[in-house]
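What follows is the residue order along each chain.
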Amino acid sequence: MDAVTADQLTFRFAERADTPLVLRFIRELARYERLEDQVVADAPTLERELFDEHGAQVLLAELPGEPEPVGFVLFFHNFSTFLGRRGLYLEDLYVRPEWRGRGFGHAILRELARIARARGCGRMEWWCLDWNEPSIGFYRSLGAEAMDEWTVYRLAGDTLERLATS
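What counts and what doesn't
- Residues numbered from 1 in each chain as written.
- Predicted model: local features only at pLDDT ≥ 70, side-chain atom pairs only at ≥ 80, totals over all residues.
- Heavy atoms only, no water.
- Helix = DSSP H or I, 4+ residues; strand = E, 2+ residues; numbered from the N terminus.
- Contact = heavy atoms within 4.5 Å.
- Pairing = 2+ DSSP bridges.
- Axes fitted to C-alpha atoms, helices over the stretch in contact; angles between N-to-C directions.
- Parallel < 35°, antiparallel > 145°, perpendicular 65-115°, else oblique.
- Nonpolar A, V, L, I, M, F, W, Y, C, P; charged D, E, K, R; others polar.
- Patch = residues over 30% accessible without salt bridge, like charges linked within 9 Å, V, L, I, M, F, W, Y side chains within 5 Å.
- Areas by Shrake-Rupley, 256 points an atom, 1.4 Å probe, with all protein chains shown as cover.
- Salt bridge = Lys/Arg side-chain N within 4 Å of Asp/Glu carboxyl O.
- Buried < 20%, exposed > 50% of the residue type's maximum accessible area, 1.4 Å probe, protein only.
- Core = buried A, V, L, I, M, F, W, Y, C linked by side-chain atoms within 4.5 Å.

Visitor: Explanation requested: the environment of Phe25 in the structure shown.
Guide: By secondary structure assignment, the location of Phe25 is in helix α1 (residues 19-32). In this structure the C-alpha to C-alpha distance between Phe25 and Val70, which are 45 residues apart in sequence, comes to 9.8 Å. Contacts of Phe25, omitting those with residues within four sequence positions, involve Leu60, Pro69, Gly71, Phe72, Tyr94 and Arg96.

Visitor: Help me out: how do you make sense of the sheet that holds strand β5 (residues 124-125) in this one?
Guide: Whether parallel or antiparallel, the strands of a sheet pair through hydrogen bonds between backbone atoms. Taken together, 5 strands build an open sheet; the order of strands is β1-β2-β3-β4-β5 and the sheet is mixed. Either end of the sheet is taken by a strand with one partner, and the two such strands are β1 (10-13) and β5. Pairing of strand β3 (residues 71-80) with strand β4 (residues 85-95), which is carried by 10 bridges, proceeds in the antiparallel orientation. Along β4, the bridge assignment pairs Gly71 with Val95. Its contacts with the sheet place α1 against β2 (57-62), β3 and β4, and it is angled at close to 75° to β4. In the packing of helix α3 (residues 104-118) onto the sheet, the strands contacted are β1, β2, β3, β4 and β5, and the crossing angle to β4 comes to about 160°.

Visitor: Would you mind showing me how to read the packing of α1 against helix α2 (residues 43-52) here?
Guide: The contact between α1 and α2 brings their axes to 10 Å, and the two run at 105°. The angle between α1 and α2 places the two elements in the roughly perpendicular class. Residues Thr19, Val22, Leu23 and Ile26 of α1 form the contact with α2, whose own contacting residues are Ala43, Leu46, Glu47, Leu50 and Phe51. Grouping the amino acids of the contact of α1 with α2 by side-chain chemistry returns 7 nonpolar, 1 polar and 1 charged.

Visitor: It is not clear to me how a nonpolar patch on the surface should be interpreted in this structure. Could you clarify?
Guide: The grouping of Leu155, Leu160 and Leu163 at the surface amounts to a nonpolar patch, some 290 Å² of accessible area in total. Inspection of the secondary structure assignment puts Leu163 in helix α5 (residues 157-165). The exposure class assigned to Leu163 is exposed, which follows from its relative accessible area of 52%.

Visitor: Looking at this structure, I do not really get the pairing of β3. What am I missing?
Guide: If a strand is regular, its side chains alternate between the two faces of the sheet. Pairing analysis gives 5 bridges linking β2 to β3, with the strands arranged antiparallel. Bridge pairing links Leu59 to Val73 in β3. Connecting the antiparallel pair β3 and β4 is a turn made up of 4 residues, with Gly84 showing a positive phi of about 70°.

Visitor: Honestly, the pattern of salt bridges in this entry has me stumped. Any pointers?
Guide: Oppositely charged side chains may form a pair once their charged atoms are brought near each other. Summed over the entire model, instances satisfying the criterion amount to 12 salt bridges. Of the charged contacts, one joins Arg48 and Glu49 as a salt bridge, the two residues approaching to 3.5 Å between their closest N and O atoms. In this structure, the salt-bridge partner of Glu68 is Arg96, at a minimum N-O distance of 3.9 Å. Of this pair, Glu68 sits in the loop between β2 and β3 while Arg96 sits in the loop between β4 and α3, placing them 28 residues apart in sequence. Residue Glu68 is classed as partly exposed on the basis of its relative accessible area of 29%. Residue classification places Arg96 among the buried residues on the basis of a relative accessible area of 11%.

Visitor: Would you mind going over the nonpolar core with me for this structure?
Guide: One broad trend across soluble globular proteins is that nonpolar side chains are buried collectively. Grouped together as the largest cluster of nonpolar side chains are 22 residues, with contacts concentrated most on Leu9, Val70, Val73, Phe75, Leu88, Leu93 and Phe104. The set of elements that each furnish at least two residues to this core consists of β2, β3, β4 and α3. Of all the elements, α3 adds the most residues to this core, at 7 residues. Contacts of Val70, omitting those with residues within four sequence positions, involve Leu9, Ala61, Leu63, Tyr94, Val95, Arg96, Trp99 and Phe104. Val22, Phe25, Ile26 and Leu29 belong to the second largest nonpolar core, which has 16 residues in total.

What follows is the structure, encoded as structure tokens:
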């Protein structure tokens, strides 16, 4: 395990049979982000959204000889009216704790940037929790810029339902 480097990673898109693994990674990430109580996703819903509705895609990062992927990234396309092109929105990026600090996060983002470029995307975007200093430093080291002049708004649950039925 010690001699493993990021250049040994391979990537593959998740398949339907990977749904339980993807859900486990989502829960592990939520635990890290102190948001585990907000995870309501279940395997049937995730399977439908990913593989029937194609609402998002999951890329798994694997190492030779390892029984499970070392990390994953879940993403989907959005659209920029200003650019007149679609973008790539990174929803979740996760590297299992025992594999952190080896450049795997960088390798996963590089692969995602390659996908964005190959698909003609004008940009990649994501959110990061304000308290997550390790991730903020990592993203800045890549040249990513915080969009401080924008505020994220959300309608969910009862508030979404109220507006939809008003």
